[in-house]
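# Structural features, examined
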Amino acid sequence: MADEVKMEGSWKQVLAEEFGRDYFQQLREFVKGEYQHAIVYPAPKNIFRAFELTPFEQVEVVILGQDPYHGPGQANGLCFAVGEGVALPPSLQNIFKEVESDLGQKLAHRTGDLERWARQGVLLLNATLTVRAHSAGSHQSKGWEEFTDAVIRKLSEEKDGLVFILWGNYAKAKGAHIDRARHLVIGSAHPSPFSAASGFFGSKPFSRTNEYLAAHHKKPIDWL
C-alpha cells in the first residue's frame, strides 16, 4: 500500500504503518472516486505538497488548518495558502497583517503561496487534505483526520523542540495530545474575519516562534 502513495521519502517511512490500515485504504478509494466523478481540490499532484516541501527531518514549526479552500484556483496543498497570483483570502490577509504587526516590518513577499515558509521547515498542514468544489467540509470524516492525527502524533513523539501554532478551537482540539513538555504550543483565535479581533491580532505567534527556536539553537523563520 505504501508503494502506491506518492509522498516524500522521509514521511513515507514515518507513516508506513498508516498506509496499511483499513481506514487509509477506504480513504484512498473514496478520494480516487471523488476525483473521477467530481471537481475536487487541490490538484492531485498537490494533495501531499506540504510533505514534499517540508520533509519530516526538516520540520521545525507546524501550522494547522482545517479544510483546503474550495474555490477554483485557490487550494495548493498548503494550509491557508493560495496559488500564485490568486487574490488573498480574508484569513490570509489577517495572517499577513499579524506578521507585520508582530515583527514591526513590512512583508517583502506578497504572494499567498507560502512555499517560502514551507521550505524553511514550516509544515502547513490541513486536517483534511481534499475537498469537493464549492462544498466546504465535504471530505471530512472520511479518514483524513485520522491520518493527520497520526502525522501530529509522530511529530510530537519523535522530534523535540517544535512549535505548533493552533488557530481556532478546531486546531486546538486536534492538537490536544501534543507533548507540551517537549514542544511549544501557541494557541489563539482563528485569523478569520469573524474571530481575528477576539485574540488572533496581537497574539504574536511569529516572534514567539522565533524566540523559542533561537532558545533551542535553531534557525528562526524568515516570515517576511
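Below is a summary of the structure that appears in this document. In this text, all values refer to a predicted model and were calculated from it rather than measured experimentally. (Residues numbered from 1 in each chain as written. Predicted model: local features only at pLDDT ≥ 70, side-chain atom pairs only at ≥ 80, totals over all residues. Heavy atoms only, no water.)

## Focus on the side chain of serine 207
This is how the line gets drawn: The helix count covers DSSP runs of H or I at least four residues long, the strand count covers runs of E at least two residues long, and both are numbered beginning at the N terminus. Exposure categories follow from relative accessible area, calculated using a 1.4 Å probe and restricted to protein chains: below 20% of the type maximum is buried, above 50% is exposed, and the middle band is partly exposed. Pairs of residues are marked as contacts when any of their non-hydrogen atoms sit within 4.5 Å.
Tracing the sequence through the fold places serine 207 in helix α9 (residues 205–215). The class for serine 207 is buried, based on a relative accessible area of 15%. Contacts of serine 207, omitting those with residues within four sequence positions, involve Asp102 and Leu103.

## Observations concerning the packing of helix α5 (residues 90–103) against α9
Angle between the axes and distance between the axes: these two values describe a pair of packed helices. This is how it is decided: Interaxial angle, 0 to 180 degrees, is taken between N-to-C directions of lines fitted to C-alpha atoms, where a helix line uses only the stretch in contact. Angles below 35 degrees are treated as roughly parallel, those above 145 as roughly antiparallel, those between 65 and 115 as roughly perpendicular, and all remaining angles as oblique.
α9 packs onto α5 with a crossing angle of 60° between their chain directions and a minimal axis gap of 7 Å. In this view, α5 runs oblique relative to α9, as classed from their interaxial angle. Here α5 contributes Ile95, Glu98, Val99, Asp102 and Leu103 to the contact with α9, which in turn contributes Pro205, Phe206 and Ser207.

## Points about the pattern of salt bridges
The following threshold applies: Each reported salt bridge corresponds to a side-chain nitrogen of Lys or Arg within 4 Å of a carboxyl oxygen of Asp or Glu.
Tallied over the entire structure, the rule returns 14 salt bridges. Measuring nitrogen to oxygen at the nearest pair gives 3.6 Å for the salt bridge that ties arginine 153 to glutamate 18. Taken as a pair, arginine 153 in helix α7 (residues 144–158) and glutamate 18 in helix α2 (residues 16–19) lie far apart in primary sequence, 135 residues in all. Under the relative-accessibility criterion, arginine 153 is labelled partly exposed at 38%. Between glutamate 29 and arginine 28 there is a salt bridge; the shortest N-O distance is 3.3 Å. By relative accessible area, which is 40% here, glutamate 29 ends up partly exposed.

## Observations regarding the sheet that holds strand β3 (residues 122–126)
The condition that has to hold: At least two DSSP bridges between two strands are required for those strands to pair.
With parallel pairing, 4 strands are arranged side by side in an open sheet as β3-β2-β5-β6. Of all the strands in the sheet, just β3 and β6 (184–188) have a single pairing partner and so form its edges. Across the sheet, the mean angle separating the axes of adjacent strands is 20° when strand polarity is ignored. Where strand β5 (residues 163–167) lies against β6, 5 bridges are found, and the strand directions are parallel.

## Examining the side chain of aspartate 67
Definition in use: The sign given to each residue is positive for Lys and Arg and negative for Asp and Glu; His and the chain ends receive no count. Polar contact criterion, stated in full: a pair of N or O atoms within 3.5 Å, where within protein one must be able to donate a hydrogen and the other to accept it, and residues adjacent in sequence count only if both atoms are side-chain atoms.
Within the secondary structure, aspartate 67 sits in the loop between β2 (61–65) and α5. There is no salt bridge for the buried aspartate 67, and the closest opposite charge comes from lysine 174, which lies 10 Å off by N-O distance. At 2.5 Å, the side chain of aspartate 67 forms a polar contact with the backbone nitrogen of glycine 137. The contact partners of aspartate 67, leaving out residues within four places of it in the chain, are Asn126, Thr128, Val131, Ala136, Gly137, Ser138 and Gln140.

## Structural notes on the nonpolar core
The cut-off we apply is this: Put simply, a nonpolar core is a bunch of buried Ala, Val, Leu, Ile, Met, Phe, Trp, Tyr and Cys residues held in one set by side-chain atoms that sit within 4.5 Å of each other.
The biggest cluster of nonpolar side chains holds 68 residues, and the ones touching the most others in it are Trp11, Phe51, Ile63, Trp117, Phe147 and Leu155. Contact partners of tryptophan 11, with chain neighbours within four places excluded, come to Phe51, Thr54, Pro55, Phe56, Val59, Leu123, Val151 and Leu155.

## Considering the pairing of β5
β5 sits mainly inside the fold: 5 of its 5 residues count as buried. Burial of β5 is two-sided: the residues Val163, Ile165 and Trp167 facing one way and the residues Phe164 and Leu166 facing the other way are all buried. Looking at chain direction, β2 and β5 are connected through 4 bridges and run parallel. By the bridge assignment for β5, leucine 64 is matched with leucine 166.

## Some thoughts on unusual backbone geometry
Peptide bonds are, in most cases, trans, and in most cases residues other than glycine have a negative phi. In the segment running from tyrosine 41 into proline 42, the intervening peptide bond is cis, with an omega of -5°. By the element assignment, proline 42 lies in the loop between β1 (40–41) and α4 (49–53). For serine 141, which is not glycine, the phi torsion reads 60° and is therefore positive. You can see serine 141 is positioned in the loop between β4 (131–132) and α7. The class for serine 141 is exposed, based on a relative accessible area of 67%.

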